[in-house]
Each structure stands twice: as C-alpha cells, then as structure tokens.
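# Structural overview for review
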Amino acid sequence: MSRRDNSKHKEDLDCCFWKRVKGKRILAAAVLPFSILKSIQKRVLCLRDCLQLTHRDMSGTEVKGEGGEAKEKKGEEVVHLRRTIGLVPAVSFIIGTVVGSGIFIAPKGVLMNSGSVGLSLLVWVLSGVLSTFGALCYAELGTSFTKSGGHYTYLLETLGPLPAFLRLWVEFLFIRPAVASYVSLAFGRYVVEPFFAPCAAPTVLIKVVSILGVTFVVAVNCWSVTMASRTQVTLTFIKMFALVLIIVPGVIALAKGKTENFQNGFEMDSLTLDRLPLAFYNGLYAYGGWFYLNFVTEEVINPNRNIPLAIICSMVTVTIFYVLVNVAYYTVMTPAELLVSDAVAVTFANRALQGLASVIPVLVAVSCLGALNGGFFGAPRMLFVGAREGHWPGLFSMIHIRRHTPLPAVLLLYPLVVMMLATGEIFQLINFASFARWFFIALATLGMLIHRYRFPLHPRPFKVPLAIAVIFTVVCFFIVGLSLYSDPWNTGRSCALTLTGVPVYYVTIHRFRLPLRLRRIFNYCSTQLQILLEVAQQEVQTY
C-alpha cells in the first residue's frame, strides 16, 4: 500500500471511528476523558494498520500474517522451502537419480527382449538419445513455468486440471511405489546375495533389507533438505566410481582383442517386434530420473541457467557411461551368461575383478541407495504442489516448521512402498509402471507444443528445437501404444488404475460432494496430524 493510500486509509478509519464515538458522545464524554478517548483512537488506528498492511522480510519476500496477524520475522525464521540447490548439486541430483539399479539389472531385460547383442546396444544408445531429447523438453518447461511439481505442474499449466490430477493420482497410487520398490529390491539383493553365494538368498531377508534401506532414505529426507542434498552428492561420486571400475577392465579386454561376443551381433532370429517395446522400456527405465530436477524448481538457485545446464551435462555423461558399461559386460560375459544372471554386475566382477569381486555388490547397493534418495527427494514435491493447488488434502502442502522439509508428503510414500514390496516380481514392476509414466510424459511434451502455439509470447528462457520436441512426443506415444500389444495384462491394469482417478476427481475436486460428517472427520484428523507432525503452510510465495 502506498503512503498516499495509507494516509487516506487512516482518514477513513478516523472518520469512521469518530462517527461511532459521536453517536455516543454524551455517554462517552461522561465516562471517559477526552485524552483517554484520543489514546484509544490511536491504538485502534495502529491495530487496523497492522491488520491491513503486509510487510516484507529480510529477503524481500512478502509475508502475510496467519489469522489476521502480521509479525516481523527474520529471513531464517520464515517457514518456506529454501533455494539451496546450486549447479553441482543439481548435476549430482540428476546423475545420482538416473544411475541407480537400472544399469546393473536392466541389461538382462534389454537383451532378453531385443534378442541380440548388437540390437541391445542400439537400444541403449537410442534410449539415451530419446531420454536426452525428453530432458531438453523438460528444460524448456522448467524455465517457462517456475513452480515445482514436474509433470503435474506442466500438465496443469498446458492441458488443464484433469490430466494433472490423473498424473498426481497414478504417481502415488502405483508409479512411485513401484519404482521405489524396484530400486529397493535391487538394493536388498546386492546387500544380501554375497553372504549366501553360490546359493540363492532368502527372499524374505532381501525384502527386509530393502525396507530398511527405504526407512533410512525416508528418515534423511524428513530430517533435512541439506542433508539429503549432501548425501546425494556423496553417493553420486561413489556410483560413478563403480561404473569406472566396470568400464576399465572391459575396455582393456576389448583392446586385447576379446571381441567374440560381438561377432554376428545383429542376429535377427530371436527378434520379435512385439517384444521390442519392452526392451526400450527396460532401457528407458535405466535412464529414468532425468526429470527429477523439475520437481524441485523452486529450490534451485538461478533455475533459468542451472536447470538446462545441469540437464545437458548430466544426460550426456550418463549416456556415454551406460553404453561403455554394456560394452564391458558383453566383452567379459556371453549373452547366455548375462541372461541367467540376476545380478549382472556381480557376475561381471567374479570374472573380471576377482580381487575386487566383494566390493562391487557394495558399490551397486550404494548406487541403488542414491537413486532411492533422489526419488524420495523429488517425488514428494509433486504431491506438495498438488496439495497447494487444491488437488490433494491441504495437509500435504505443509512443511516442518523447523526442518523446512515437506514431511507429510514424504511420509505418505513410506507405507505405499512397503506394501508394494510385499508383492510383485521385479521386471513386472517396470512394465506395470512404465505405461502410465511415459504416457503422461508424452502428454506433457504435447502440452508444451500446444502451449507454444497458443501463447507464442510467453517468456521461454530456454527453447528446445521444434523437431526434437516432435520426435520425442511421437516416439513416446508409439512406444506406449505398442506396449498395449506387447504386454496387454500389465499395461491394461496400469490404464485401468489411471482411469479410476476420473470419478475421484469429479467427486472430490471438480464438485466437492463428500458428506458433511466425513468432511468434519477429515478436518479433525488433518488438524491433529498437523499438530503431531509440527507442520504449517508456507508463509511466502516461492515461485
């Protein structure tokens, strides 16, 4: 409010106050001296100004009072998510999330569905190029729309609330639990199997260790954003060391002329076109995670510069490393040996790194833990933003008043992942989640193209070439459509579960139709949980 408006506001309040007092002039004068009335008038004016005006904190962000009270707070006391992610943590965040269990497990699925060594390597290269194209599209979306939330935010801004809600619905109904279960099962397997080799490890023990890994990651992300970020940087360096440890002996063996596994590499006898999309699903899953930085846009320092730069650097690095790792696998192991191995990296280490064979499982487990940490760091921000937009209960848009972490959103994932861990085979989990994930990614990039056409003057600090966006969108829709033919059972279930969100949207969001008693119970539970978890709404706008 300007100074002139403020003075005019005081005059209006002054007139209003004295009219009310003059209406009871005789009574007021008889009871209170004029000096006391004047003092009361000043206090009323001061109180009204405090109720009406807003002020700014030390960082220049507007702070609005809760329940009509505005209090001056220092910058470090205001409850909101901080911008703490620079370029190096951003690159580490993407690489650390992408390089997880996929490169150590997915080679089996890619080879099994592609049918030959040469074609499987081609799938790895094309999956890396396609993922880089998608990452560039998301770099444009992340700089055009400065809110966190990733897929959800972009669908909301370009295609409307229903697709955005469905993406939020499937993310926490089965995509996030399935992906986290996949990674945590890989973590448990690589921790447990070395103790039981050459015998099979107990399945129950693998799942127990997997749950312990999930518990650790949830605790870190609930405790501190800074701790989660530093953990991610540390784990990223460890997992890159693990990849180098695999690549070096493979390249040395290749230089010595060990190329027999690459001869007749493109045998098409075992290739069936209906299995090829599943090979791409396994490859694309290994590259999955390039979009996680877009989940935390509001916490990235200088996002217009750091988001595109981090995406380009990380995806080029990951693609090169992935292709070299697969070349190393095929140099040391035959295709038949790779197909019968449930832990490809361990089998490779037993053949090429006999002195360090016991170290590889530990490094792979750490790599899986880093991917799990990145997923639990990014995905809850989508739920956080969805709740802030009114598409999810408001409790999940709150953050801890001291830790400044989205505590309710992180905690919601924990029981869902534990439930998913109890059932499901590891490769079925990939196919089950991939359909919905890639369908909505394709919708998001399609929405970007539509938004470009409808709003050509909208500021876009980073703009991806049109050909790249079109190629990525068309290929995504093609893979999604073909997967319905390749694996109709899992993709059909995924599609059906996605559509269950439509009636939920119209009953709870489009027109709120819940009975009054249920609303009262829900509000009471939300209030008690808010008190128990010590969480509150953000006091500043961070986008």
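What comes next is a walk through the structure. (Residues numbered from 1 in each chain as written. Predicted model: local features only at pLDDT ≥ 70, side-chain atom pairs only at ≥ 80, totals over all residues. Heavy atoms only, no water.)

The next subject is empty space enclosed by the protein. Counted by the stated rule, this structure contains three cavities of 30 Å³ or more. In this model, the largest cavity occupies a volume close to 160 Å³. Forming the boundary of the largest cavity are 19 residues, of which Thr97, Val179, Val183, Tyr285 and Ala371 lie nearest the centre. Listed by contribution, the elements that provide at least two residues to the lining of the largest cavity are helix 4 (87-98), helix 8 (161-196), helix 11 (276-287) and helix 15 (359-388). (1 Å grid on protein atoms, 1.4 Å probe; cavity = no way out; pocket = protein on both sides within 12 Å on 5 of 7 lines; lining within 4 Å. Points joined across faces, edges and corners; volume = space filled by probe spheres on them. Helix = DSSP H or I, 4+ residues; strand = E, 2+ residues; numbered from the N terminus.)

Take the layout of surface pockets next. When its volume is computed, the second largest pocket comes out at roughly 500 Å³. Around the second largest pocket, the lining is made up of 20 residues, and of these His391, Trp392, Pro393, Thr508 and Phe522 lie nearest the centre. Listing elements by their share of the lining of the second largest pocket, those giving two or more residues are helix 8, helix 16 (407-422), helix 20 (501-510) and helix 21 (516-533). Of the residues that constitute the lining of the second largest pocket, the class distribution is 15 nonpolar, four polar and one charged. (Nonpolar A, V, L, I, M, F, W, Y, C, P; charged D, E, K, R; others polar.)

For the rest of this paragraph, the subject is the packing of helix 7 (residues 151-158) against helix 15. It is the contact of helix 7 with helix 15, at a shortest axis distance of 8 Å, that shows an interaxial angle of 35 degrees. Along its contact with helix 7, which presents His151, Tyr152 and Thr153, the element helix 15 presents Met382, Val385 and Gly386. Grouping the amino acids of the contact of helix 7 with helix 15 by side-chain chemistry returns three nonpolar, three polar and no charged. (Axes fitted to C-alpha atoms, helices over the stretch in contact; angles between N-to-C directions. Contact = heavy atoms within 4.5 Å.)

This brings us to the packing of helix 5 (residues 102-114) against helix 6 (residues 117-144). Angle between the axes and distance between the axes: these two values describe a pair of packed helices. Direction vectors running N to C along helix 5 and helix 6 enclose 125 degrees, while the axes themselves pass 9 Å from each other. Between helix 5 and helix 6, the angle is such that the two are oblique. Helix-helix and strand crossings are classified by hand; for helix 5 and helix 6 the assignment is right-handed. The residues of helix 6 that touch helix 5, namely those facing Gly102, Ile103, Ala106, Pro107, Val110, Leu111 and Ser114, are Val117, Leu119, Ser120, Val123 and Trp124. In terms of residue class, the contact of helix 5 with helix 6 is built from nine nonpolar, three polar and no charged. (Parallel < 35°, antiparallel > 145°, perpendicular 65-115°, else oblique. Left-handed = near helix turned anticlockwise from the far one by under 90°.)

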